[in-house]
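Coordinate inspection notes
Chain by chain, the residues:
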Amino acid sequence: MTASLDPAAVIAEFIDAVAPYDPQPDAAPVALLGLRTAHGAEMFPMSDHLIRAMCRALASYRDPEDRGECVECGGRHLDENLHCRDCGRLHGILGQVIADHARRVAASGDGGVPTEPA
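Scope of this entry: the structure provided in the associated data block.

The rules we used
- Here the residue numbering is sequential within each chain, running from 1 through the sequence in written order.
- With the structure being a predicted model, the display of local features is reserved for residues of pLDDT at least 70 and the display and counting of side-chain atom pairs for 80 or more, all residues being used for whole-chain, interface and lining totals.
- Hydrogens are left out, water is left out, and the side-chain values use all remaining heavy atoms of the structure.
- A run of H or I in DSSP counts as a helix once it spans at least four residues, and a run of E counts as a strand once it spans at least two, with each numbered from the N terminus.
- Only C-alpha atoms enter the radius of gyration, while the globule expectation follows 2.2 Å times N to the 0.38, with N the number of residues.
- When accessible area is computed with a 1.4 Å probe and restricted to protein chains, residues below 20% of their type maximum are described as buried, those above 50% as exposed, and intermediate ones as partly exposed.
- Charged residues are defined narrowly, with Lys and Arg counted positive, Asp and Glu counted negative, and His plus the chain ends left uncounted.
- The location of each charge is read from NZ of Lys, CZ of Arg, CG of Asp or CD of Glu.
- Salt-bridge detection follows one rule: a side-chain nitrogen of Lys or Arg within 4 Å of a carboxyl oxygen of Asp or Glu.
- Here a polar contact is taken to be a pair of N or O atoms separated by no more than 3.5 Å, where protein atoms must pair a possible hydrogen donor with a possible acceptor and residues adjacent in sequence count only if both atoms sit in side chains.
- Throughout, a residue-residue contact means that at least one pair of heavy atoms, one from each residue, lies within 4.5 Å.
- Any two strands between which DSSP finds at least two bridges are classified as paired.
- Buried Ala, Val, Leu, Ile, Met, Phe, Trp, Tyr and Cys residues form a nonpolar core when they are joined through side-chain atoms within 4.5 Å.
- Throughout, a disulfide means two cysteine sulfur atoms within 2.5 Å of one another.

What follows covers the overall build of the protein chain. Looking only at helices and strands, the protein chain features 3 helices and 2 strands. Over its C-alpha atoms the protein chain spans a radius of gyration of 26 Å, topping by over 25% the 13 Å that the globule rule assigns to 118 residues. C-alpha atoms of the protein chain, sized along the principal axes, occupy 80 × 35 × 25 Å. Residues classed as buried in the protein chain amount to 15% of the 118 residues present. Placing the 10 positive and 18 negative side-chain charges of the protein chain at their respective mean positions leaves the two points 6 Å apart.

The structure is reproduced here in structure tokens:
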């Protein structure tokens with residue numbers, strides 16, 4: 001069972017991780033972030049250093065489900081086997097092997113399995 005996520009606690013944890021590196025810890029906040037959740041409401045004073053750190057963190061984030069784009073339909077829904085849930089194309093080595101085999105079968109013209117030369 002997964003514990004409920006408390007967004008305010010996550011932001012507070014991020015602030016605690018970044019604060020020791022703020023070159024001007026006593027400077028006035030440049031923004032105030034208000035957050036209202038099912039857990040309550042919180043206000044977070046944001047320094048310039050903290051905002052820049054948050055922007056860098058967000059810019060570098062990559063979703064674990066991001067497996068690239070489908071070369072067939074451009075969809076972003078490749079499963080863990082690199083199978084496109086939008087159009088059905090297989091990617092990766094298995095997809096390449098299947099595509100190559102399909103091309104060989106189509107090129108043989110008879111619809112059967114191509115024979116290997118002896």
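Under the definition given, this model contains 6 salt bridges. Taking the shortest distance from any N to any O, the salt bridge between Arg 67 and Glu 65 comes out at 3.3 Å. Here Arg 103 ties to Asp 100 by a salt bridge, and the two come within 2.4 Å at their closest N and O atoms. Of this pair, Arg 103 and Asp 100 both sit in helix α3 (residues 92-108), 3 residues apart, roughly one helical turn. A residue is classified by how much of its surface remains accessible, and Asp 100, at 27% relative accessible area, is partly exposed. In the salt-bridge network here, residues are joined through shared partners; they are Asp 66, Glu 69 and Arg 76.

Further remarks concern the side chain of Asp 79. Locating Asp 79 in the fold gives a position in the loop between α2 (48-60) and α3. Within the buried core, Asp 79 has no salt-bridge partner, and the shortest N-O distance to an opposite charge, that of Arg 85, equals 5.7 Å. A distance of 2.8 Å separates the side chain of Asp 79 from the backbone nitrogen of Asn 81, its partner in a polar contact. Among the polar contacts made by the side chain of Asp 79, one reaches the main-chain amide nitrogen of His 83 at a distance of 2.9 Å. In this structure Asp 79 touches Arg 67 and Arg 85, once residues within four positions along its chain are discounted.

Our focus in this paragraph is the pairing of strand β1 (residues 31-37). Both β1 and strand β2 (residues 40-46) contribute to a ladder of 7 bridges, which runs antiparallel. The residue of β2 that forms the bridge with Leu 35 is Glu 42. In this antiparallel pair of consecutive strands, β1 and β2, the connection spans 2 residues.

Counting 8 residues, the largest nonpolar core consists of Ala 8, Ile 11, Ile 15, Val 18, Phe 44, Met 46, Leu 50 and Ala 53. Mapped by element, the contributors of at least two residues to this core are α1 (7-18), β2 and α2. Top element by residues in this core is α1. It accounts for 4 residues. Setting aside residues no more than four positions away along its own chain, Ile 11 makes contact with Leu 33, Leu 35 and Phe 44.

Quick look at the state of the cysteines now. Within this structure, the stated rule accounts for 0 disulfides. The closest cysteine sulfur to the non-disulfide-bonded Cys 87 is located on Cys 70, 3.6 Å from its own sulfur.

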